[in-house]
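Here is how the chains run, residue by residue.
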Amino acid sequence: MRITANFDGGNIEVINQENHDDVQLAIRPDEGGEFYQWFNFKLEGVVGAKYTLNIINADGASYPKGWENYQAAATYDRQTWFRLPTRYQDGKLIIDVQLECDAIQIAYFAPYSYERHQDLLAAVQVHPLVTLSHLGETLDKRDLTLVKVGDDDEEKAKIWITARQHPGETMAEWLVEGLLNNLLDGDCPTAKALLDKANFYIVPNMNPDGSARGHLRTNAAGVNLNREWQSPSLAKSPEVFHVTQKMKQIGVDLFYDVHGDEGLPYVFLAGCEGVPAYNEKMASLQTSFVDALLLASADFQDKYGYDKDEPGKANLTVASNWVAQEFQCLSNTLEMPFKDNENMPDPISGWSPERSMYLGEASLVAMLAVVDKLR
Ligand code: ZN
């Protein structure tokens, strides 16, 4: 048997692999050591043989509650992802595998590789409405890329979408891929109606360094980008620095920051009720947007989520709060589960890339519902 994580977005350390029944693994923390939960590795072995994989440092992970009722994602063909029998016991995450082929890839969630990110950018740029722009370099000298969909009409609403500030939340970029496919589909009436009224500014991957390094939550300097929006710096958080500069230059009428949540088995929004600038118009837009998304996606719900901030008490270092305060616009963090949607469980796949992509389509319907009222 052989285990490796020496590839794009890989993460695992082999502690002991002498015994098939008790393979001992550990997740390598993000730079700086504060966060870990993302794993992504390949196991090669004997077809038909059973392996019990123990992630022995699971109890020290960033969100131990994330392991409860969680099933690890796996694939043989790197196209179709399914879930493996997994349990959290005695502080270890225990994954059972019976090999059906020579090699299996196992991950916290279906990865969205840096190569696929490049493929996505290349695929969309051939569309006449798409312009790619280089916002700047990350600390590891990767490109931070903005996808603009639209024209030069200044009267149109400016819709910003960002994904993967937290690089292990790969479902966020799957959502963006689904959203872009839909938005660029000339036969899609929702997209045509939206593009008549709005231009889109999309950053499909806010944290390419963390993504390639196999981090859960931070960039190459170990910085949580979603706590940097009030005072980003080129030294610590160039990704946020470049995006906020561009936002100030272009303006923002709607912001949608896409994430995954380790603990809650639901799709939900976190709004900006707690920002000092919150007003009646923002509240009314929020209600309309939530109502429209409830209709557009049966996977979305509004019962479970984070506690709403008290008025004036929002943390303005968080992207959606900072944007709401700065631009007084409709601004949300969207959260998808790593586990499954408990309202509509799928025991084979759990929450999946496909479902994330459908939610991207549905998000456009909700945006269309409010687009006339944004400005
Ligand atoms: Zn997140």
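Rules and cut-offs
- Residues numbered from 1 in each chain as written.
- Predicted model: local features only at pLDDT ≥ 70, side-chain atom pairs only at ≥ 80, totals over all residues.
- Heavy atoms only, no water.
- Helix = DSSP H or I, 4+ residues; strand = E, 2+ residues; numbered from the N terminus.
- Rg over C-alpha atoms; globule rule 2.2 N^0.38 Å.
- Buried < 20%, exposed > 50% of the residue type's maximum accessible area, 1.4 Å probe, protein only.
- Contact = heavy atoms within 4.5 Å.
- Lys, Arg positive; Asp, Glu negative; His and termini not counted.
- Charge placed at Lys NZ, Arg CZ, Asp CG, Glu CD.
- Salt bridge = Lys/Arg side-chain N within 4 Å of Asp/Glu carboxyl O.
- Donors = N, O, S within 2.8 Å, 3.2 Å for Na, K, Ca; no water.
- Tetrahedral: all angles 85-135°; square planar, octahedral: opposite > 155°, others 65-115°.
- 1 Å grid on protein atoms, 1.4 Å probe; cavity = no way out; pocket = protein on both sides within 12 Å on 5 of 7 lines; lining within 4 Å.
- Points joined across faces, edges and corners; volume = space filled by probe spheres on them.
- Nonpolar A, V, L, I, M, F, W, Y, C, P; charged D, E, K, R; others polar.
- Domains from an automatic or database assignment.
- Expected span 1.5 Å × (residues − 1).
- Arc of directions from axis to C-beta.
- Pairing = 2+ DSSP bridges.
- Axes fitted to C-alpha atoms, helices over the stretch in contact; angles between N-to-C directions.
- Buried area = accessible area lost by both parts, 1.4 Å probe.

## Points about the overall build of the chain
A count of helical and extended segments in the chain gives 8 helices and 17 strands. Since a compact globule built from 375 residues should have a radius of gyration of about 21 Å, the 20 Å found for the chain is in line with a globular shape. Across its three principal directions, the C-alpha atoms of the chain cover 65 × 40 × 40 Å. Burial analysis of the chain (375 residues in total) assigns 59% to the buried set. In the chain, the proportion of contacts linking residues at least 24 apart, taken out of those at least 6 apart, comes to 75%. A gap of 2 Å separates the mean positions of the 32 positive and 55 negative side-chain charges of the chain.

## Points about the pattern of salt bridges
Summed over all chains, the structure comprises 19 salt bridges. A salt bridge links arginine 142 to aspartate 140, with the nearest nitrogen and oxygen atoms 3.5 Å apart. A residue is classified by how much of its surface remains accessible, and arginine 142, at 22% relative accessible area, is partly exposed. Among the ionic pairs, lysine 156 bridges to aspartate 151, the shortest N-O distance being 2.6 Å.

## Some points on the coordination of the zinc ion
When four donors bind a metal tetrahedrally, each ideal donor-metal-donor angle is 109.5 degrees, and when six bind octahedrally, the ideal angles are 90 or 180 degrees. Around the zinc ion, the protein supplies His166 (ND1), Glu169 (OE), Glu169 (OE) and His259 (ND1) as donor atoms, at distances of 2.1 to 2.5 Å. Around the zinc ion, the 4 donor atoms sit at angles spanning 56 to 148°, and that spread fits a shape best called irregular. In the primary sequence, the donor residues of the zinc ion line up as H-x2-E-x89-H. Its relative accessible area of 3% is what places histidine 166 among the buried residues.

## Describing the layout of surface pockets
Each pocket or cavity is described by its volume, and for the largest pocket that value is around 600 Å³. Lining of the largest pocket is provided by 33 residues; of these, Phe268, Ala270, Tyr306, Thr333 and Glu335 occupy positions nearest its centre. Going through the elements one at a time, strand 15 (254-261), strand 16 (268-270), helix 7 (319-327) and strand 17 (330-337) are the ones with two or more residues in the lining of the largest pocket. Among the residues forming the lining of the largest pocket, the class breakdown is 7 nonpolar, 13 polar and 13 charged. Mapped onto the domain boundaries, the lining of the largest pocket takes at least three residues apiece from domain 1 (2-107) and domain 2 (114-373). Around the second largest pocket, the lining is made up of 29 residues, and of these Pro111, Tyr112, Ser113, Arg116 and Trp174 lie nearest the centre. Residue assignment for the lining of the second largest pocket shows that the elements contributing at least two residues are helix 1 (114-125), helix 4 (208-213) and helix 8 (353-370).

## Focus on helix 1
When the terminal C-alpha atoms of helix 1 are compared, their 17 Å separation across 12 residues agrees well with the 16 Å that a helix rising 1.5 Å per residue should span. Those residues of helix 1 that fall on the buried side of the exposure criterion are Tyr114, His117, Leu120, Leu121 and Val124. Looking down the long axis of helix 1, one finds its buried residues gathered within 110° of arc, a one-sided arrangement. On its buried face, helix 1 is in contact with strand 11 (130-137), strand 12 (143-149), helix 2 (171-183) and helix 4.

## Considering the pairing of strand 3 (residues 23-26)
On a regular strand, each side chain points to the face opposite its neighbour's, so the side chains alternate between the two faces of the sheet. When strand 2 (residues 13-16) meets strand 3, the two strands line up antiparallel, connected through 3 bridges. Its bridge partner lying in strand 3, asparagine 16 is registered against glutamine 24. Hairpin remark: strand 2 followed by strand 3, antiparallel, with 6 residues in the connecting loop. As judged from the 3 bridges shared by strand 3 and strand 5 (residues 50-55), these two strands associate in the parallel manner. When the bridges of strand 5 are listed, glutamine 24 appears paired with asparagine 54.

## Focus on the sheet that holds strand 5
Sheet strands pair by backbone hydrogen bonding; their relative direction is either parallel or antiparallel. Ordered in space as 2-3-5-9-8, the 5 strands form an open sheet in which the pairing is mixed. The two strands at the open ends of the sheet, each matched to only one other strand, are strand 2 and strand 8 (86-89). Each strand axis lies, on average, 30° off the axis of its neighbour in the sheet, ignoring direction.

## Notes on the domain arrangement of the chain
Along its sequence, the chain is organised into domain 1 (2-107) and domain 2 (114-373). Taking only C-alpha atoms, the centre of domain 1 and the centre of domain 2 are 29 Å apart. The interface of domain 1 with domain 2 comprises 21 residues on the first partner and 25 residues on the second. Of the roughly 1800 Å² buried at the junction of domain 1 and domain 2 (both faces included), carbon and sulfur atoms supply 53%. Ranking the residues of domain 1 by area buried against domain 2 places Glu31, Trp38 and Arg83 at the top, with a combined share of 34%.

## Notes on the environment of aspartate 302
By the element assignment, aspartate 302 lies in the loop between helix 6 (280-296) and helix 7. Since its relative accessible area comes to 46%, aspartate 302 is described here as partly exposed. Between the alpha carbons of aspartate 302 and leucine 175 there is a distance of 19 Å; along the sequence they are 127 residues apart. In contact with aspartate 302, not counting residues within four places along its chain, are Val290 and Leu294.

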